[in-house]
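# Tertiary structure, described
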Amino acid sequence: MTKFQSMTNVDGLISATADARIPVLDRGFLYGDSIYEVFRTYGGVPLFYDEHWARFENSAALIRMRIGLTKEQMTEAIRATIKASGAAELESDVYVRYVVTRGEGPVDLFPSPELKTRYVIIVREVPTWNPLYYSRGVKVAIADTRRNPSAALDPNIKGGNYLNNVLGVMDARAVGADDCVMLDAAGHVTEASNSNVFFVIGGTLVTPAQTAANLRGLTKAALHEACRARGFPTVERDVPEAELEAATECFLTSATREVMPVVSIRKRDGAVIEFPAGGGEVTRRVAGYYKEYVGEYLRAHASLSLF
């Protein structure tokens, strides 16, 4: 009987993830000089596949790196890796992370134009979040660590350098929270450690604008579209930390979290803002809109199935 096994593809060499290797002189390892995307499948169909590739190309342009393979070549490599995992035979949905590093070269910050990029594809089971994060909600805390300013490191480079986010999560865990929300230098909300954040303020669904350093999340964009199609307005604007006191609901969005309610936000002064357990009326409504939207997307893109 076929059994699922996490598999990784390094430049065409497919092996069990535990056995996968890259050279220690790879710039992705040494400097975080890499870009990546993550998607999950539903019934074998990769969610927002074209949109992920477009963002991947944008990340490559922002760090002035040639990807080194076409979208079609990457797709075939992903298919081969999924097949090796047993997921296709089992019809088991997967989490796919594809990475391109600038390659292996001298220990030198300047990347030689002669470097050959390396690709890595990781296929795993779709992450299972703690059910409490949905029935109760996730606890977040405002991190002491500030988000890198966009003029220093553009947040729309979805790259291998995640130390800023790592420190933010460590700040949150140190005070008993599950995740963090990070502020920019001006004190505006940006996003959570690896997801976008929405608030209900004055009855309006609000999420931080791009003037605050945050990633253009694909789930966030889909949620905007799903809400607009159903006549439910959403707003992107600056959200100062002080305005969080006026928020009545909050939730996080990402490819694997979907819509995850937030039950509380701990401010830096230790005060806690509480929200309805399991999400308020708007959060539950929007989560329903998103599920409907995903269903429509999957039906329209069934031909993209990787199984």
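Remember, predicted model here, so these are calculated numbers, not experimental data.

As a further point, take the nonpolar core. M74, I78, V100 and I121 are the most contacted members of the largest nonpolar core, which totals 25 residues. Of all the secondary structure elements, the ones that give two or more residues to this core are β3 (34-42), α2 (49-62), α3 (71-85), β5 (94-101) and β6 (118-125). Beyond its immediate stretch of four places on either side in the chain, V100 contacts S34, I35, F56, M65, I67, L69, M74, T117, R118 and Y119. Counting residues in each nonpolar core, the second largest holds 24 residues, with F48, L218, V282 and Y293 among its members.

We now examine the pairing of strand β8 (residues 179-183). With 5 of 5 residues buried, β8 is to be regarded as a mostly interior element. Burial along β8 is two-sided: the face carrying D179, V181 and L183 and the face carrying C180 and M182 are both buried. Sheet topology note: the strand β7 (residues 138-142)/β8 ladder contains 3 bridges and is parallel. Bridging from a neighbouring strand, I142 pairs with V181 of β8. Regarding the hand of the β-α-β motif, the stretch spanning β7, helix α6 (residues 163-174) and β8 is right-handed. In sequence, β8 turns back onto strand β9 (residues 189-192) through a hairpin of 5 residues, with G187 there showing a positive phi of about 85°.

Turning our attention to the pattern of salt bridges. All told, the structure shown has 19 salt bridges when counted by the stated rule. Here E76 makes a salt bridge to R79, at a shortest N to O gap of 3.6 Å. Of this pair, E76 and R79 both sit in helix α3, 3 residues apart, roughly one helical turn. Given a relative accessible area of 49%, E76 falls into the partly exposed group.

Parameters at a glance
- Residues numbered from 1 in each chain as written.
- Predicted model: local features only at pLDDT ≥ 70, side-chain atom pairs only at ≥ 80, totals over all residues.
- Heavy atoms only, no water.
- Core = buried A, V, L, I, M, F, W, Y, C linked by side-chain atoms within 4.5 Å.
- Buried < 20%, exposed > 50% of the residue type's maximum accessible area, 1.4 Å probe, protein only.
- Helix = DSSP H or I, 4+ residues; strand = E, 2+ residues; numbered from the N terminus.
- Contact = heavy atoms within 4.5 Å.
- Pairing = 2+ DSSP bridges.
- Right-handed = clockwise from strand over helix to strand, strands pointing away.
- Salt bridge = Lys/Arg side-chain N within 4 Å of Asp/Glu carboxyl O.

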